[in-house]
Amino acid sequence: MKVIKTDEVGPLIGDGATVFLGGIAMTGLAEEVLQGLERHFLATGHPRQLTTWACGAIGNAGDGGMAHLAHPGMVKRVVAGHFGQTGPRMMALVHAGEVEAYNFPQGSLSHLTRHIAARTPGLLTQVGLGTFVDPRIEGGKLNKACSEDLVKLVEFDGKECLFYPCPRIDVALIRATYADENGNLSLDKEGLLLEQLSIAQAARASGGIVIAQVEAVVQAASLHPKSVKVPGFLVDYVVVAEPRNHLQTITTGFNPALSGDVRMPMHSVPSLPLDERKVIARRAAMELQPGALTNLGVGIPAGIPAVAAEEGAAHLLSLSVECGANGGVPAYGGDFGLAYNAESIIEQSSQFDFYDGGGLACSFLGLAQTDAAGNVNVSKFNGRPVGCGGFINITRSTPRLVFCGTFTAGGLQLEVGDGRLTIVQEGRSRKFVEQVEQLTFNGRDAALRQQEVSFITERAVLRLRPEGLELTEIAPGIDLERDVLAHMGFRPLIRDLRTMEAGLFSERWGGLAAALGAR
């Protein structure tokens, strides 16, 4: 192992190299290494025509992460599980067709790193069938520049599967907290383990190199062997980063409660203001099963723990995040993907093993667009891709799904209080449409596999039935025709319509414990 300066990274990476990036958003990301790579390209014009792989989104939606690679000619192809934090500069190249872009499920990409490391032919999975990842639909291609098929439809043992051939990895860019003088890496202060080990193993199996960014180098053999997550024999180069380029998350330099070093008191979880998001989180929380392992997605679902804490029911929850954290309270905003007071933090690929194997009892996910068949789109809007993240893995294998979101979007203004909902200004964009723009979740397939699927908004609750969506509840103060049906691209089934509990729309509710007790 050799300790090098940031500006020595660029010459190590050749033109046309395939680079696998560890991290998600800014967590576990070798940000200072990417900065050095960018400076070298701007000074020399090399390396050019890179291919990058990443399991999740890389960056901070601004000038970090993939933004350092967003220069014409620097990158040929980008493969990632999500593009939400990639930033406008890289996405401009994607939209213009100057960079090939592929989006595959975050869990599948995480598992693929292990297959590359083991030199298997590739990953065989049923995750993604019937979605835009399926080659019969879009094959995960985000633009017309994509020059080859990176996923194939095959039949194995009489069943349809998707097959991802293993790429060759020339460079692994990973991150850790400490490196000892022999190159052993610990992730003590990192909030997640992710795939740092398997990415390094994948590069080694491919004959490539491993470059690790760390906070500090310590004396040889001074790290406890159980804290070493990447053995030194896998590491070729180490870069010691400035603290500003080694953030724990997008918004947090370091919080020991996110790395499991301390536990924060749960009463410090702030209450949500009374608005439509809180109403949705409250109604969604009524779908919880006490003690059953539950996954929470980004956005409105992330507010469910705050509702449970306010209602004195936090002890009934058993929560999990796809990035590897179990127990505690999932963080939100710029800290999303991590958890406060986690009981365990495991590698992301192992977490997805558990998820894909049906380990979750229920999952609460965002709702962006759905149609009469219960198909859901959370990955592409107005022709612009965002990506699927872990959504496809989670929705494929979880028996109970609850999609949460406002009924319309774009300028929606509501008043919530006194046990009722008032629409001040309707949103410009419909979410319940005739046909979704992209298939991130296949409702027909879910119905055939008898998944229990709900759609919860501030004014209506719908359930997926074999024959389509059924409207089961509307909010107090809402007119069915004017405020619900008039803003849908299809007419749902209506058989036994009830009114949502008035307490959901009041400053103080107090009904969650009773609802969970009834379940």
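Residues numbered from 1 in each chain as written. Predicted model: local features only at pLDDT ≥ 70, side-chain atom pairs only at ≥ 80, totals over all residues. Heavy atoms only, no water.

Caption draft 1: Here's a closer look at the overall build of the protein. Helix and strand counts for the protein come out as 11 helices and 35 strands. Compactness check: the protein gives a C-alpha radius of gyration of 23 Å against a globular reference of 24 Å for 519 residues, within 12% of the reference. Here the C-alpha coordinates of the protein stretch approximately 70 × 50 × 45 Å along the principal axes. Buried residues in the protein amount to 59% of all 519 residues. Counting only contacts in the protein whose residues sit at least 6 apart along the sequence, the fraction spanning at least 24 positions is 75%. Per element, the accessible surface of the protein, about 19,700 Å² overall, is 50% carbon and sulfur. Charge-centre separation for the protein: the mean point of 45 positive side chains lies 2 Å from the mean point of 55 negative side chains. (Helix = DSSP H or I, 4+ residues; strand = E, 2+ residues; numbered from the N terminus. Rg over C-alpha atoms; globule rule 2.2 N^0.38 Å. Buried < 20%, exposed > 50% of the residue type's maximum accessible area, 1.4 Å probe, protein only. Contact = heavy atoms within 4.5 Å. Areas by Shrake-Rupley, 256 points an atom, 1.4 Å probe, with all protein chains shown as cover. Lys, Arg positive; Asp, Glu negative; His and termini not counted. Charge placed at Lys NZ, Arg CZ, Asp CG, Glu CD.)

Caption draft 2: View of helix H1 (residues 31-44). With 14 residues, H1 should cover 20 Å at 1.5 Å per step; its first-to-last C-alpha distance of 20 Å lies within 8% of that length. Those residues of H1 lying buried are Glu31, Glu32, Val33, Leu34, Gln35, Gly36, Leu37, Glu38, His40 and Phe41. As for H1, its buried residues are in contact with strand S2 (18-21), strand S3 (50-54), helix H2 (88-95), strand S9 (171-175), strand S12 (209-214) and strand S15 (237-240). Phi turns positive, to about 85°, at Gly45, one or two residues after H1. (Expected span 1.5 Å × (residues − 1).)

Caption draft 3: Summary view of the pairing of strand S34 (residues 468-474). Most of S34 is tucked away, with seven of its seven residues classed as buried. Between strand S33 (residues 460-465) and S34, which pair antiparallel in sequence order, lie two residues. As paired elements, S34 and strand S35 (residues 493-499) share four bridges and run parallel to each other. Following the sheet pairing, Leu471 is matched in S35 by Ile494. (Pairing = 2+ DSSP bridges.)

Caption draft 4: Layout of a nonpolar patch on the surface. Together, Met1, Val3, Val217 and Val240 line one region of the surface with nonpolar side chains, adding up to about 280 Å² of accessible area. Along the chain, the position of Met1 falls in the segment before strand S1 (2-4). Here Met1 falls in the partly exposed class, since its relative accessible area comes to 36%. (Patch = residues over 30% accessible without salt bridge, like charges linked within 9 Å, V, L, I, M, F, W, Y side chains within 5 Å. Salt bridge = Lys/Arg side-chain N within 4 Å of Asp/Glu carboxyl O.)

Caption draft 5: Layout of the UniProt feature "active site" (unreviewed entry) in the protein. According to UniProt, the feature "active site" (unreviewed entry) maps to Glu322 in the numbering used here. Its location among the elements puts Glu322 in the loop between strand S17 (318-320) and strand S18 (325-326). By relative accessible area, which is 9% here, Glu322 ends up buried. Apart from residues lying up to four places away in sequence, Glu322 is in contact with Gln106, Asn295, Leu296, Gln348, Gln351, Phe352, Tyr355 and Ile394. There is a polar contact of 3.0 Å between the side chain of Glu322 and the side chain of Asn295. (UniProt positions renumbered as here; feature names shortened; annotations may be inferred. Polar contact = N/O pair within 3.5 Å; in protein donor to acceptor, adjacent residues only side chain to side chain.)

Caption draft 6: Up close: the side chain of Ser397. Looking at the element boundaries, Ser397 is found in helix H8 (residues 391-397). Ser397 sits in the buried class, given a relative accessible area of 18%. Of the polar contacts made by the side chain of Ser397, one reaches the backbone oxygen of Tyr355; its length is 2.6 Å. Ser397 has contacts with Tyr355, Asp356 and Gly358, leaving out every residue within four places of it along the chain.

Caption draft 7: Summary view of the sheet that holds strand S13 (residues 216-218). Pairing within the open sheet is mixed, and its four strands lie in the order S13-S10-S11-S14. Two strands close off the open sheet at either side, each with one partner strand: S13 and strand S14 (228-230). Relative to strand S11 (residues 185-186), strand S10 (residues 178-180) runs antiparallel, the two being bridged by two bridges. Note on S11: the bridge partner recorded for Ala179 is Leu185.

Caption draft 8: Focus on the packing of aromatic side chains. Taken as a whole and judged by the stated rule, the model has eight aromatic pairs. Plain terms: the ring middles of Phe20 and Trp53 are 6.5 Å apart, the flat faces sit at 25° to each other, and that makes the pair stacked. Residue Phe20 is found in strand S2, and its partner Trp53 is found in strand S3; the two are separated by 33 residues along the sequence. Here the aromatic rings of Phe104 and Tyr164 are separated by 5.1 Å at their centres, their planes lie at 80°, and the arrangement is edge-to-face. With Phe104 in the loop between strand S5 (100-103) and helix H3 (106-118) and Tyr164 in strand S8 (residues 159-165), the pair connects residues that are 60 residues apart, well separated along the chain. By the burial criterion, Phe104 is buried, and Tyr164 matches it. One aromatic cluster is present, built from ring pairs that chain together Phe391, Phe403, Phe441 and Phe455. (Phe/Tyr/Trp six-rings, centres within 6.5 Å; stacked < 30°, edge-to-face > 60°.)

Caption draft 9: Layout of the pairing of S3. Of all five residues in S3, five are buried, a share of seventy percent or more. Here S3 shows two buried faces, one formed by Leu50, Thr52 and Ala54 and the other by Thr51 and Trp53. Pairing analysis gives four bridges linking S2 to S3, with the strands arranged parallel. Its bridge partner being in S3, Phe20 is matched across the sheet by Trp53. At this point the chain moves from S2, through H1, to the parallel S3, and the crossover so formed is right-handed. Sheet analysis places S3 next to strand S4 (residues 75-80), joined by five bridges and oriented parallel. Bridge pairing in S4 places Trp53 opposite Val79. (Right-handed = clockwise from strand over helix to strand, strands pointing away.)

Caption draft 10: Seen up close, the sheet that holds strand S6 (residues 122-125). Taken in spatial order, the three strands line up as S6-S8-S7 in an open sheet, and their pairing is antiparallel. Looking at strand neighbours, the two that pair on one side only are S6 and strand S7 (152-156), the edges of this open sheet. Between one strand and the next, the sheet's axes are offset by a mean angle of 35°, whatever the strand orientation. By the bridge criterion, five bridges tie S7 to S8 in an arrangement that is antiparallel. Residue pairing across strands places Val154 opposite Cys161, the latter belonging to S8. Where H3 meets the sheet, its contacts fall on S6 and S8, and the angle it forms with S6 comes to roughly 135°. (Axes fitted to C-alpha atoms, helices over the stretch in contact; angles between N-to-C directions.)

Caption draft 11: Summary view of the pattern of salt bridges. As enumerated under the stated definition, the model contains 29 salt bridges in all. Arg465 is the partner of Glu470 in a salt bridge, and the nearest nitrogen-oxygen pair spans 2.7 Å. The exposure class assigned to Glu470 is buried, which follows from its relative accessible area of 6%. Its relative accessible area of 29% is what places Arg465 among the partly exposed residues. The partner of Glu470 in a salt bridge is Arg495, and the shortest N-O contact between them spans 2.9 Å. Taken together, the residues Glu470 in strand S34 and Arg495 in strand S35 connect sequence positions 25 residues apart. A network of salt bridges, in which partner residues are shared, links Arg283, Glu287, Arg400, Glu452, Arg463, Glu473, Asp496 and Arg498.

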